[in-house]
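# An overview of the molecular structure
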Amino acid sequence: MLISTSNALCPADTDQVIFTFYAGPTANSGSDILVCKDTVSVPVCANITVASGGAWQSTGSGVFTNPNLLCTNYIPSTADTTAGSVILFLTTTGNGNCLAATDSVLVTFTPTPIATITSNDTSCQSNPILLGVNSTTGSGVWTSSGTGTFAPNSTTLNGAYYPSAADDAAGSVTLLFTSSNNGGCRATYDTIDVTLIPSPVAQFTSTTACPFVPIVFTETSTASVGSVVSWSWNFGDGSSISTSQNPTHPYSVGGPYNVSLVVTSTNGCPDTLNQVVNVYYQPNAGYSANGICVSDGTVFTDTSSVTGSTITSWNWNFGDSSNSTTQNPTHNYPSSGNYNVTLIVQSAQSCADTITQTIGVLAGPAAAFTVDDAIADVNQVVSFTDLSTNGAVSWFWDFGDSSADSTSVLQNPTHVYTAGGFYDVCLIVTDTNGCTDTICRTEIVTMPPDVPSGFSPNGDGQNDVFYVYGGPFRTLKFKIYNNWGEVIFESDSQAKGWDGKRDGVDQPVGVYVYTVEGVTEDGLEHKLSGDVTLLR
């Protein structure tokens, strides 16, 4: 815009001019191109804007079929393919007042792929065919005319092909390798016809045994062509292999083992058989011993075990020339000391194990006591004196009656008996090891005869029999008289009392006369008589 100045008294004058900018030419020759060296021509195609045309040029020595067409073909020269690449660029024409635009595309020439199979053209039936190929592209795909499988897959250059049973039956198979990642070149391929030679069939049988007992392996392989001439055994326990036809091998531990046999026939073909061989488990002998005292006896508890079977026999040697076949025996040793005790156990499969342990047996205390009066009277204070030996440290007395103080833990106790009778007095002594010993003696307590004044033989279970109490008696004569002086009952045993009958007939209610003559255990003679009332 232009505005006039210094216009004096006249108004300013204005004028303007407009500039219009339009887009310049553009060129796009496309993405870089990867082609094979044996390519005759390379098609190129460009897109332009604004300009009316374009012209192709090359950094190489090849020629365009028509360099002035946006879409044309470039015919590379030998120098171009030898150099490995060439740059093609398009420059716009008919640009008007604008500058020309240029764009380029890189053409790379890749080598022609080569693939050569290096695998052997013979292989043994039922055995993998090892694959080998030299491929300039480093990749490709295997295919087969048969029905076998490729491992680990068909794109592994140097894997393996496992023929199928149909392949083996056909006697041959054709393998084809086709290159991939060819860099714009046509794929190349190679084939090989593999003859499948008959393989032997590996077979064997074996015995079953306990650990450390040699197992006999018997080879039973067959060969349709030739014969089996070599054997290789792997016994599955980490031991060295054997090349014997029929080896023997002991196992140190029971269990299943994966045994492998590889056989080779006269035509050089091998076959492998993997077969599980079972070895019986050996028992694990064990036991515990409870009871360390001679007087207590020793209890042996079997703790043996065996995997996959049961223990069926036990043979104990107690170390003192005595034995047992009981599973959990108890044994009384004749004296204290250390004894080597051996246990041999056997499983249901006759596998055996042995354990020997030293068992210590203690002598324990020897209980003994005396009493100041072996034949005491009722309510007499009886003193007991401990005479135990071999380290007794605690005492337990049982005086044999039912009184409130019928036991004591004193070493030298006293006791009062309130009724006559024979009492088994027992002393249990214990030493510091917990061993015990027991001794019992009979204490005799005497009491003069005594009888009740009446009884009621009515069958109610209370006071039905007229007994003589007191004693105990060495001898006893007990008689009942009726009012006519006739003896209607007599007894010479304190346990036999009068039940109110004469010759099985109930006697009438009334008063009867009794006489008692007895000699107590202390040798004293006693006589007692009186009346007793029979009630119903």
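Calculation rules
Residues numbered from 1 in each chain as written. Predicted model: local features only at pLDDT ≥ 70, side-chain atom pairs only at ≥ 80, totals over all residues. Heavy atoms only, no water. Helix = DSSP H or I, 4+ residues; strand = E, 2+ residues; numbered from the N terminus. Contact = heavy atoms within 4.5 Å. Disulfide = S-S within 2.5 Å. Polar contact = N/O pair within 3.5 Å; in protein donor to acceptor, adjacent residues only side chain to side chain. Pairing = 2+ DSSP bridges. Axes fitted to C-alpha atoms, helices over the stretch in contact; angles between N-to-C directions.

### Examining unusual backbone geometry
Looking along the chain, the bond that leaves A151 and enters P152 is cis, with omega of 0°. Examined against the element boundaries, P152 turns out to sit in the loop between β17 (149–151) and β18 (160–162). Cis geometry is adopted by the peptide bond preceding P472, which originates at G471 and carries an omega value of 5°. With respect to the helices and strands, the residue P472 is situated in the loop between β43 (469–471) and β44 (473–481). Look at S126: it is not a glycine, yet its phi comes out positive at around 65°. Mapping S126 onto the fold places it in the loop between β13 (122–124) and β14 (129–130). Of note in this structure, S321 is not a glycine but carries a positive phi near 70°. Structurally, S321 is set in the loop between β29 (311–317) and β30 (323–324).

### Thoughts on the environment of L387
Mapped onto the secondary structure, L387 falls in the loop between β36 (381–386) and β37 (394–398). For the pair L387 and N463, spaced 76 residues apart in the sequence, the C-alpha separation amounts to 44 Å. Every residue in contact with L387, bar those within four places of it in the chain, is listed here: A368, F369 and T370.

### Considering the state of the cysteines
Under the criterion given, the structure shown has 6 disulfides. One disulfide bridge connects C124 with C269, the sulfur atoms lying 2.0 Å from each other. Between C124 and C269 the sulfur-sulfur dihedral comes to about -85°; the bridge is accordingly left-handed. Linking C124 in strand β13 with C269 in the loop between β25 (255–265) and β26 (270–279), this pair joins segments that are 145 residues apart in sequence. Within the protein, bonded cysteines paired by disulfides and numbered along the sequence follow the pattern 1-5, 2-3, 4-7, 6-9, 8-11, 10-12.

### Topic: the side chain of S199
With respect to the secondary-structure elements, S199 resides in the loop between β20 (189–197) and β21 (204–206). A polar contact is formed between the side chain of S199 and the backbone oxygen of Q125, at a distance of 2.4 Å. A distance of 3.2 Å separates the side chain of S199 from the side chain of N127, its partner in a polar contact. Not counting chain neighbours up to four residues away, the residues in contact with S199 comprise C124, Q125, N127, C269 and P270.

### Describing the sheet that holds strand β23 (residues 228–234)
The antiparallel open sheet is built from 3 strands, whose spatial order is β23-β25-β26. Pairing within the sheet leaves two strands with one partner each, and these edge strands are β23 and β26. Averaged over all pairs of adjacent strands, the angle between strand axes in this sheet comes to 25°, irrespective of strand direction.

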